[in-house]
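# Structural overview
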Amino acid sequence: MSWNNQGGGPWGGGGNNQGPWGQGPKRPNGGGNGGGGPNPPDLEEMLRKSQESMKKFMPGGMGGGKLVVIGLIVLLAIWLASGFYRVNTNQQGVQLLFGKYVASTGPGLHWNFPSPIGDVLTPQVTNVRKIEIGVAGSTVRSRNAASGESLMLTGDQNIADVEFAVLWNVKEAASFLFNIRDPETTVRAAAQSAMREVIGQMSLEKINTEGRGQIAQEAEELIQQILDDYKSGINITGVELDRADPPQAVIEAFNDVQSARQDKERKQNEAEAYRNKIVPTARGEAQKLIQEAEAYKERVIKDAEGEAKRFISVYDSYAVNKDVTRERLYLETMQDVLKGSDKVIVDNDKGGSGVVPYLPLPEIQKRNKGSQ
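Residues numbered from 1 in each chain as written. Predicted model: local features only at pLDDT ≥ 70, side-chain atom pairs only at ≥ 80, totals over all residues. Heavy atoms only, no water.

## Some remarks on the sheet that holds strand β5 (residues 118-121)
- Read across the open sheet, the 3 strands follow the order β3-β2-β5; overall the sheet is antiparallel. With one partner strand each, in any of the chains shown, β3 (100-105) and β5 form the two edges of the open sheet. Neighbour-to-neighbour, the strand axes of this sheet turn through a mean angle of 25°, independent of strand direction.
- Of the pairings in the sheet, the one linking strand β2 (residues 93-97) to β5 comprises 4 bridges and is antiparallel in character. Counterpart to Val94 in the pairing with β5 is Leu121. (Pairing = 2+ DSSP bridges. Helix = DSSP H or I, 4+ residues; strand = E, 2+ residues; numbered from the N terminus. Axes fitted to C-alpha atoms, helices over the stretch in contact; angles between N-to-C directions.)

Right under this line is the structure:
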């Protein structure tokens, strides 16, 4: 290769007796640079020349050492000032020193050692992120993946097609950045594991009826527990259970079974309602009959006791005065015999006409009642 100068090096050195920087002859073969190669530049000489050149531009003949010190101080101040950083309200600051985590900072203005000694990461922590599991996309691959995610075994050995979404954000930025490599993959795997465990403890009927709220709550707690064990720094804000149905291939048969179960429950409810209506009525009738029998029993007993007491009192009266008692019994008996028959009074006393006029008051009363 030829050069533009005469026998000089690429830097324009003067001939064969000078080095590439033009400051003296080359060393002979076997010198310190290994066989006649170019000598390294004289750094002290270059620094001295640059200082002399700078003295021409400095007022008052200021020395070059002071200028270097001032320049270094200015550069140091600029470098230290570059360590200030701001953390927004939706972020969390993570300070690093030589690549190692040292502290976390909240929103506001902070300072850390600038690069290359320190570094600051400010991930967003308040934004709620959503991961859908079991939801089929537009491509065949996404549909196959969603089918594998959504099919789960229930506690009664059935298969449920479950679609749900997990809502999450970051609660500890340092753990989130350094303890897990792929946050979305980690959350997805933990969510699938937790949901399969919860679904595996319930029957398909309960999953499709009153168990949906319980499933979402238990799954959220279990996902959070798994992520806390990983020290992931992730906070689960909610689990939305979109669908939990039988697979499409058997959904018609499942609906028939559900209809039959609903008919069965309806019949059972009707029978229970009829039983609840008849049994209390029968019990009420039984209590009524028992109470009537008790009342009849008491009445008969009381009547018998009264008759016995009356007979005893009559006997006592008879024993004291037999004639009077006999006369009274006769009159009472005749009264009972004649009170329902027509009566004609005949007066057999002396001087009498023999027949006493009689006003039939009972017959008149009966006629008046009949006419009314």
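## Focus on the packing of helix α5 (residues 183-199) against helix α7 (residues 212-229)
- Following both chains from N to C, one finds α5 and α7 inclined at 135°, their axes separated by 8 Å at the closest point. Overall, the two elements α5 and α7 adopt an arrangement that is oblique. The interaxial crossing formed by α5 with α7 has right-handed handedness. Contact with α5, carried on its side by Thr186, Val187, Ala190, Ala191, Ala194, Met195, Glu197, Val198 and Ile199, involves Ile215, Glu218, Ala219, Leu222, Ile223, Ile226 and Leu227 of α7 and no other residues of that element.
- Residues belonging to the contact of α5 with α7 are distributed by class as follows: 13 nonpolar, 1 polar and 2 charged. (Parallel < 35°, antiparallel > 145°, perpendicular 65-115°, else oblique. Left-handed = near helix turned anticlockwise from the far one by under 90°. Contact = heavy atoms within 4.5 Å. Nonpolar A, V, L, I, M, F, W, Y, C, P; charged D, E, K, R; others polar.)

## Details of the environment of Phe254
- Summarising the element assignment, Phe254 is placed in helix α8 (residues 251-320).
- Along the backbone, Phe254 and Glu205 are 49 residues apart, and their C-alpha atoms lie at a distance of 9.9 Å.
- Excluding its chain neighbours within four sequence positions, the residues that come into contact with Phe254 are Leu204, Asn208 and Pro246.

## Observations regarding the nonpolar core
- Counting 38 residues, the largest nonpolar core has Val162, Phe164, Met195 and Ile223 as its most contacted members.
- Counting only elements with at least two residues in this core, the list comes to β2, β6 (129-133), β8 (159-170), α4 (173-178), α5, α6 (204-208), α7 and β9 (234-245).
- Here the element with the most residues in this core is α5; it accounts for 7 residues.
- Setting aside its immediate chain neighbours within four residues, Met195 contacts Met152, Val162, Phe164, Ile215, Ala219 and Val239. (Core = buried A, V, L, I, M, F, W, Y, C linked by side-chain atoms within 4.5 Å. Buried < 20%, exposed > 50% of the residue type's maximum accessible area, 1.4 Å probe, protein only.)

## A closer look at a nonpolar patch on the surface
- The grouping of Val68, Ile70, Leu72, Val74, Leu75 and Ile78 at the surface amounts to a nonpolar patch, some 570 Å² of accessible area in total.
- Looking at the secondary structure, you find Ile70 in helix α2 (residues 64-81).
- Given the relative accessible area of 46%, Ile70 is considered partly exposed. (Patch = residues over 30% accessible without salt bridge, like charges linked within 9 Å, V, L, I, M, F, W, Y side chains within 5 Å. Areas by Shrake-Rupley, 256 points an atom, 1.4 Å probe, with all protein chains shown as cover. Salt bridge = Lys/Arg side-chain N within 4 Å of Asp/Glu carboxyl O.)

## Examining α7
- With 18 residues, α7 extends 26 Å from end C-alpha to end C-alpha; this agrees with the ideal 26 Å at 1.5 Å per step.
- Those residues of α7 lying buried are Ile215, Ala216, Ala219, Leu222, Ile223, Gln224, Ile226 and Leu227.
- In this structure, the buried side of α7 is in contact with β8, α5, α6 and β9.
- Lys231 sits one or two residues past α7 and shows a positive phi near 55°. (Expected span 1.5 Å × (residues − 1).)

## A look at the packing of α8 against helix α9 (residues 322-338)
- Close contact between α8 and α9 brings their axes to 5 Å; oriented N to C, the two are set at 135°. Taken together, the axes of α8 and α9 are oblique relative to one another. Contacts from Val314, Ser317, Tyr318 and Val320 of α8 reach α9 at Lys322, Thr325, Arg326, Arg328 and Leu329.
- Of the residues in the contact of α8 with α9, the class split is 4 nonpolar, 2 polar and 3 charged.

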